[in-house]
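What follows is the residue order along each chain.
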Amino acid sequence: MAGPRVVIIGAGVVGAALADELSSRGWTEVTVVDQGPLPATGGSSSHAPGLVFQTNPSKTMTEMARYTVEKLCSLDVDGQPCFLQVGGLEVATTAERLIELRRRHGWITAWGIESRLLGPDECVELHPLVNRERVLGGLLVPTDGLAKSVLAVEAQLRRAEARGARLLARHEVLDIRTDGDRVSAVVTDQGEILADIVVCCAGIWGPKVARMVGMNLPLTPLAHQLAWTGPVPALAGQTQEAVRPILRHQDADLYYRDSYDRLGIGYYGHRPMPVSADDIAPVDSTERMPSVLRFTEDDFADAWTETRSLLPATREAKVEEGINGLFSFTTDGMPLLGESPDVKGFWVAEAVWVTHSAGVGRAMAEWLVDGHCSSFDLHECDVNRFEPHQLAPAYVLARDCQNFTEVYDILHPLQPAGAPRPLRTSPFHTRERELGAVFLEASGWERPQWYAANESLLAGRDITVPNDWAARYWSPIVGAEAQATRETVAMYDMTALKRLEVTGRGAAAFLQRLTTGNVDKSVGSVTYTLMLDTDGGIRSDITVARLGRDRFQVGANGNLDLDWFTRHLPAVAGGADVAVRDITAGTCCIGLWGPKARDVLQPLADEDFSNDGLRYFRAKRAHIGAVPVTAMRLSYVGELGWELYTTADMGQKLWDTLWEAARPHGGIAAGRGAFNSLRLEKGYRSFGTDMTYEHDPYEAGVGFAVKMDKGDFIGRAALERRAGSVRRRLSCLTIEDPAAVVMGKEPVYDGAACVGYVTSAAYGYTIGKGIAYAWLPAELATPGRELDIGYFDRRVTAVVAEEPLFDPAMSRLRG
């Protein structure tokens, strides 16, 4: 027996996969407990229809699905396969869906999985039940198929047990004991199990189990309809369980699968039917299983009508049985993985469907055994990603139900979430509304994308109009605001930026250990720096301003940065006095940027804001009129200016003071659309989009933020090993075609071969070209190299360019 004592709560596909992966890595002191019988425990895995479609806008989710397919294809139980690789076919019955399938084909190609677009006749040839008159085209992924979830559970549990893991069926978990801030045991109805690590893989019961350690899990079980036809005459004599591809008809929220001479029909088009985890029936009190509720025929009526239209052969059959099966949904549609922020050793692997189950098992095993996940970028999945308001029960219920409704919807990358809104508003919100701001959402904040009041700026400007898809959630005012920023001066609401305060005698040493840059500099210094994981992957990019000997303000990317800081406090600070506090809600920020920014600011200020008075990447306190501010000379649009911070109560006064002074200089308020265009012209990276955990600083083009002469820091040893082996690079591409504005996640081709993918993209309104940043093999990342970007049904010519595209001498920033 080796490794710590691990108790996995839940023996569904996730718990079984984790037990298998942990034991294969030498952690064999593993106990798997479940309240139900094995291997069909009564949770979602036991009734799951098993369809595995790998296509997903998230690279991580696609990669976890691919690993699940590969693993399950290699498993069997006494000769019974755990995966039937019949392929996956998505069909379009509307012109809009046909266009969407081309976008999806781009994703799956970018993520490295074979697929192809089909015409109507090819769709019917693959799935002869499909009505040729209804179908406009399709997308085929040959490696998709059917996971036999109960067999997959059994196969993986057998392997784990053979290595020494212990399986305890019919053990209901009643409580989780802690010793101080660490787990110590799992209490079941048949006794206690000592534990160093507890992993909650309880699925629809996850919120109930997590509450045992005081953890609020933003997950809702929702009922999803699954029906089975009686015999379909056209399928008579089919001796194999499945011979046709699994089929998705997303225009009607439907999917289909073979089952010998019958069909399974899944439906998401009905009303959301949420269930509290506390109200799920006990294991032995239901006719079938706790995760199966009574089939509500009325909710299925439209699905059956549409099925008989798409698959005319079903007109000779009827629906013989059905269930309302419970599955887990989250507020952003992503899994919940990671360790509790408050109780050490309590981990969750929740809201995971069969499609991604083995991938999640591998990710969690790597994270537990190695301290980080090397196979997948998990920043989208970390359970600690949420802001406090995103854990509120009313918010969780509303967003989870919305995500159920939108499972098969065509969603634009800029499409804002629905209710509840507005949630968080900056002190400038009233003034922004008066200027006709069009708001999108960022971490719950209402953030202006552009301002209708700036329509007059369009006069005399030739603003490039993008294609129809890119023109959604867009206005030509975006381009005018970008150009006006470079011509005069603009005010940007930067309040949505996460702000942390690090204080105490040990603050400098703490930040030195966590970051790649030298932040132990003079008071007033501002440092752009990175945080790395132990494998050298980028955890985040941040700015650190030293506002006092023992006081720092950190511009962070989100709650995961706060979680990272908090987890490292005891170990890194060595017991020294260090405190970390989120000050975002009590503060606000205006970015005042443009060539006339100093003309606006200096007459209002009681401090010297000349070039000598406050140099680039320096900060100081001052008064702007009657408003006390912290001014940092930074700019993410590539222009002279400052980030001006004050307390929330003084925010509107700061806005009004700057606005009154800026107007005579032609000053405007500008939105995020202009900001994104300008930052790409300047080559500034966005963490989570351009670079993530899977990338190192040298690949991502931010090696300048690594100071190897500063002493030790987290990830340093790994970087020393990586430094000479850059095999891919984040590269700048420019696009001459003014209508070919791409959006991100498109495949990049060198000839016929897909060689990379786009991260961020926008039109550069002041350079007159489209801009796309993309990950490319290092040998192709040479200026002048011509490549193609796959955009729906066309190839867009793009050229690798030197960066930055705008002001490479940095004269405008430093002037």
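Look up a bit, the structure's there.
Our subject in this report is the structure included herewith. As the structure is a computational prediction, the values presented were derived from the model and not from experiment.

Topic: the overall build of the protein chain
Each helix and strand counted, the protein chain has 20 helices and 42 strands in total. Against the compact-globule benchmark of 28 Å for 815 residues, the protein chain has a radius of gyration of 28 Å, which places it among compact chains. On the principal axes, the C-alpha backbone points of the protein chain span a range of 85 × 65 × 50 Å. In the protein chain, which comprises 815 residues, the share counted as buried stands at 61%. For the protein chain, restricting intrachain contacts to residue pairs at least 6 apart in sequence, the fraction spanning at least 24 positions comes to 72%. Of the accessible surface of the protein chain, which amounts to about 29,600 Å², a share of 48% is contributed by carbon and sulfur atoms.

Section: the pattern of salt bridges
For the coordinates displayed, the defined rule picks out 61 salt bridges. Between Glu192 and Arg177 there is a salt bridge, with the nearest N and O atoms lying 2.6 Å from each other. Here Glu192, found in strand β14 (residues 191-194), pairs with Arg177, found in strand β12 (residues 173-179); they are 15 residues apart in sequence, far enough to count as distant. On the basis of relative accessible area, Arg177 is assigned to the partly exposed category, the value being 37%. Between Lys498 and Asp582 there is a salt bridge, with its nearest N and O atoms 2.6 Å apart. Residue Lys498 is located in strand β27 (residues 498-503), and its partner Asp582 is located in strand β31 (residues 579-582); the two are separated by 84 residues in the primary sequence. On the accessibility criterion, Lys498 (5% relative accessible area) is buried.

Some thoughts on the state of the cysteines
Across all of its chains, the model carries 0 disulfides by this definition. Not engaged in a disulfide, the cysteine Cys589 finds its nearest cysteine sulfur in Cys588; these two sulfurs lie 7.7 Å apart.

Comments concerning unusual backbone geometry
Here the amide bond leading from Ala419 into Pro420 is cis, since omega sits at 0°, within 30 degrees of zero. When you line up the elements, Pro420 lands in the loop between α10 (393-405) and α11 (429-434). Here the phi dihedral of Tyr260 falls at roughly 60°; this positive angle occurs in a residue that is not glycine. If you trace the backbone, Tyr260 turns up in the loop between β18 (254-259) and β19 (262-267). Judged by relative accessible area, which is 39%, Tyr260 ranks as partly exposed. For Phe792, which is not a glycine, the phi torsion comes out positive at approximately 55°. Tracing the sequence through the fold places Phe792 in the loop between β41 (786-791) and β42 (794-801).

Here we look at the packing of aromatic side chains
Per the counting criterion, the structure on display carries 24 aromatic pairs. With 5.4 Å between their ring centres and 80° between their planes, Phe329 and Trp353 make a pair best called edge-to-face. Taken as a pair, Phe329 in strand β21 (residues 319-330) and Trp353 in the loop between β23 (346-350) and α9 (357-370) lie far apart in primary sequence, 24 residues in all. The exposure class of Phe329 is buried, given its relative accessible area of 6%. The partly exposed category is assigned to Trp353, whose relative accessible area is 29%. Their ring planes at 40° and their centres at 6.2 Å tell us that Trp593 and Phe675 sit as a pair that is tilted. Placement of Trp593 in strand β32 (residues 587-593) and of Phe675 in helix α17 (residues 672-682) is noted, with a sequence separation of 82 residues between them. Through pairs of rings, three or more aromatic residues link up here, namely Tyr255, Tyr268, Phe327, Phe329, Trp353, Phe404 and Tyr408.

Re the packing of helix α3 (residues 59-73) against α9
Where α3 meets α9, the closest approach of the two axes is 6 Å, and the angle between their N-to-C directions is 105°. In terms of orientation, α3 lies roughly perpendicular with respect to α9. On α9, the residues that touch Met64, Tyr67, Thr68 and Lys71 of α3 are Ser357, Ala358, Gly359, Val360 and Arg362. When its residues are assigned to classes, the contact of α3 with α9 shows 4 nonpolar, 3 polar and 2 charged.

Some remarks on the sheet that holds β19
Read across the sheet, 9 strands follow the order β8-β9-β7-β17-β18-β19-β16-β21-β20 without closing on themselves; strand pairing throughout is mixed. One side of each edge strand has no neighbouring strand; the edge strands of this open sheet are β8 (116-118) and β20 (292-293). The pairing of strand β7 (residues 88-92) with strand β17 (residues 246-249) spans 3 bridges and is parallel. Paired with Leu89 across the strands is Leu247, a residue of β17. In the packing of helix α8 (residues 297-310) onto the sheet, contacts are made with β16 (219-229), β17, β18, β19 and β21, and the angle to β19 comes to roughly 130°. Where α10 meets the sheet, its contacts fall on β16 and β21, and the angle it forms with β16 comes to roughly 25°.

With respect to the sheet that holds strand β1 (residues 6-9)
Strand order in this open sheet of 6 strands is β11-β2-β1-β15-β23-β22, and the pairing throughout is mixed. Every other strand in the sheet has two partners, leaving β11 (166-168) and β22 (336-339) as the edge strands with one partner each. Between one strand axis and the next, the sheet turns by 15° as a mean value, whatever way the strands run. Helix-sheet contacts for helix α1 (residues 13-24) involve β1, β2 (30-33), β15 (197-200) and β23, and the interaxial angle to β1 is about 160°.

Remarks on the pairing of strand β29 (residues 538-548)
Burial within β29 is extensive, with 11 of its 11 residues counted as buried. Note: strand β28 (residues 526-532) against β29, 7 bridges, orientation antiparallel. Among the inter-strand pairings, Leu532 is bridged to a residue of β29, identified as Ile538. Linking β28 back to β29 in an antiparallel pair, the connection comprises 5 residues, with Gly536 at a positive phi of about 90°. Across 5 bridges, β29 lies against strand β30 (residues 551-556) in antiparallel orientation.

Comments concerning α10
Taking 1.5 Å per residue as the helical rise, α10 with its 13 residues ought to reach 18 Å, and the 18 Å between its terminal C-alpha atoms agrees with that figure. For α10, every residue scored as buried is listed here: Tyr395, Val396, Arg399, Asp400, Cys401, Gln402, Asn403 and Phe404.

Let's talk about the environment of Ile99
Turning to its location among the elements, Ile99 is positioned in helix α4 (residues 95-110). As a C-alpha pair, Ile99 and Gly479 span 380 residues in sequence and 26 Å in three-dimensional space.

Let's talk about the environment of Leu411
Among the structural elements, Leu411 can be located in the loop between α10 and α11. Among the residues examined, Leu411 registers a relative accessible area of 33% and is labelled partly exposed. Residues Leu411 and Glu100, spaced 311 residues apart in sequence, show a C-alpha to C-alpha distance of 9.4 Å. For Leu411, the residues in contact, after removing those within four places along its chain, are Arg103, Glu406 and Trp469.

Section: the packing of α1 against α9
For the pair α1 and α9, interaxial distance at closest approach is 8 Å and the crossing angle is 45°. On the basis of the axis angle, α1 is oblique to α9. Relative to α9, α1 is oriented so that their crossing is right-handed. Between α1 and α9, the residues in contact are Val13, Val14, Ala17, Leu18, Glu21 and Leu22 and Ser357, Ala358, Val360, Gly361, Arg362, Met364, Ala365, Leu368 and Val369, respectively. Residue classes in the contact of α1 with α9 are distributed as 11 nonpolar, 2 polar and 2 charged.

As for the side chain of Thr515
Looking at the secondary structure, you find Thr515 in the loop between α13 (507-514) and β28. With relative accessibility at 1%, the residue Thr515 sits in the buried group. Among the polar contacts made by the side chain of Thr515, one reaches the main-chain carbonyl oxygen of Gly517 at a distance of 3.5 Å. With residues up to four places along the chain from it excluded, the contact list for Thr515 reads Thr529, Leu530, Met531, Ile542, Lys710 and Phe713.

Re the side chain of Glu639
Positionally, Glu639 belongs in the loop between β34 (627-632) and β35 (641-647). You can call Glu639 buried: its relative accessible area is 1%. Within the structure, the side chain of Glu639 is placed 2.9 Å from the side chain of Arg486, a separation counted as a polar contact. Apart from the residues within four sequence positions on either side, Glu639 is in contact with Thr485, Arg486, Trp593, Gly594, Pro595, Phe806, Arg812 and Leu813.

About the criteria used
Residues numbered from 1 in each chain as written. Predicted model: local features only at pLDDT ≥ 70, side-chain atom pairs only at ≥ 80, totals over all residues. Heavy atoms only, no water. Helix = DSSP H or I, 4+ residues; strand = E, 2+ residues; numbered from the N terminus. Rg over C-alpha atoms; globule rule 2.2 N^0.38 Å. Buried < 20%, exposed > 50% of the residue type's maximum accessible area, 1.4 Å probe, protein only. Contact = heavy atoms within 4.5 Å. Areas by Shrake-Rupley, 256 points an atom, 1.4 Å probe, with all protein chains shown as cover. Salt bridge = Lys/Arg side-chain N within 4 Å of Asp/Glu carboxyl O. Disulfide = S-S within 2.5 Å. Phe/Tyr/Trp six-rings, centres within 6.5 Å; stacked < 30°, edge-to-face > 60°. Axes fitted to C-alpha atoms, helices over the stretch in contact; angles between N-to-C directions. Parallel < 35°, antiparallel > 145°, perpendicular 65-115°, else oblique. Nonpolar A, V, L, I, M, F, W, Y, C, P; charged D, E, K, R; others polar. Pairing = 2+ DSSP bridges. Expected span 1.5 Å × (residues − 1). Left-handed = near helix turned anticlockwise from the far one by under 90°. Polar contact = N/O pair within 3.5 Å; in protein donor to acceptor, adjacent residues only side chain to side chain.

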